[in-house]
Amino acid sequence: MSDPEAFILANTRLQPVPHAPEISLWVADELTPIWRLTEEELGEMGVPPPFWAFAWAGGQALSRWLLDHPEEVAGKQVLDFAAGSGLVGIAAMKAGAASALCADIDPFCGAAVRLNGQANGVPLTFTADDLLGAPPPEVDVICAGDVCYEKPMTERVIAWLGEAKARGVRVIIGDPGRTYFPKTGLEFLAEYRVPTTRELEDQEVKRSSVWAL
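Model, not experiment: these values are computed from the prediction.

Conventions adopted
- Residues numbered from 1 in each chain as written.
- Predicted model: local features only at pLDDT ≥ 70, side-chain atom pairs only at ≥ 80, totals over all residues.
- Heavy atoms only, no water.
- Pairing = 2+ DSSP bridges.
- Helix = DSSP H or I, 4+ residues; strand = E, 2+ residues; numbered from the N terminus.
- Axes fitted to C-alpha atoms, helices over the stretch in contact; angles between N-to-C directions.
- Contact = heavy atoms within 4.5 Å.
- Buried < 20%, exposed > 50% of the residue type's maximum accessible area, 1.4 Å probe, protein only.
- Polar contact = N/O pair within 3.5 Å; in protein donor to acceptor, adjacent residues only side chain to side chain.
- Parallel < 35°, antiparallel > 145°, perpendicular 65-115°, else oblique.
- Nonpolar A, V, L, I, M, F, W, Y, C, P; charged D, E, K, R; others polar.

### Looking at the sheet that holds strand β9 (residues 205-212)
Each strand in a sheet pairs with another by means of backbone hydrogen bonds, the pair being arranged parallel or else antiparallel. Ordered in space as β5-β4-β3-β6-β7-β9-β8, the seven strands form an open sheet in which the pairing is mixed. Only two strands of the sheet have a single partner each, and these edge strands are β5 (125-127) and β8 (187-195). When strand polarity is set aside, the average angle formed by the axes of neighbouring strands in this sheet is 20°. Note that strand β4 (residues 99-103) and β5 share three bridges and pair parallel. By the bridge assignment, A103 is partnered in β5 with T127. The sheet strands contacting helix α6 (residues 151-166) are β3 (77-81), β6 (141-145) and β7 (170-175), and the helix crosses β7 at an angle near 150°.

Pasting the structure below:
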């Protein structure tokens, strides 16, 4: 991959986030074309979907909640776990967070986070480390949007987030009713009707909730 930022700028458009229009992201209009282009750019087939190229429903709900409840992150160190585009990290910074670390193992995410942070005038830091292989970092708040797609990964993530909570970290999760989202051990915070697209979801408006672990 020669220039991920150039790839993103050539294949996405800067657009406002439907449920958090205070934020704009470099996003794609359709899933399949950007997915194929990603495979070509990486020289691989069967790569995961380009999560960085869209504003997913759980992340939109979590971002809306942070913008409407800035006291949750104001002056605090925030981790945007499985950050994708960096949407939630941007929302945290706009809500007054002291810092936002975006973490994702997708090779395009570092560039996406840089571009989206610049587009919204907020400083973000990024790590490509697989944080699940180590104890949770020393932050005040961990935000996780759309992390419950697959059963083994969901179990691993929830256990890791539980470890963070046990150490006194505030853990906030956004999810649009994924199959493997846990049914217990959570405090309901809010529900939103999030505009999305059938390119990504089974409905054009997705009921998405925000929870505290």
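More follows now that the structure is in view.
### Points about helix α4 (residues 87-94)
Note: α-helices contain 3.6 residues per turn, so residues at a spacing of three or four share the same orientation. Of all the eight residues making up α4, seven are buried; the element is thus mostly covered by neighbouring parts of the structure. Considered for burial, the residues of α4 that qualify are L87, V88, G89, I90, A91, A92 and M93. Phi turns positive one or two residues past the end of α4, at G96, with a value near 105°.

### Quick word on the side chain of Q15
With respect to the helices and strands, the residue Q15 is situated in strand β1 (residues 13-17). By relative accessible area, which is 19% here, Q15 ends up buried. Within polar-contact distance, the side chain of Q15 engages the backbone oxygen of V27 at 3.5 Å. For Q15, the side chain forms a polar contact with the side chain of D29, separated by 3.2 Å. Apart from residues no more than four positions distant in its own chain, Q15 is found in contact with I23, S24, L25, V27 and D29.

### Observations concerning the packing of helix α3 (residues 57-68) against α4
At their nearest, the axes of α3 and α4 sit 8 Å apart, and the two run at 5° to each other. With respect to α4, the element α3 is oriented roughly parallel. Residues G59, Q60, L62, S63, L66 and L67 of α3 form the contact with α4, whose participating residues are L87, V88, A91, A92 and K94. Of the residues assigned to the contact of α3 with α4, the class counts are seven nonpolar, three polar and one charged.

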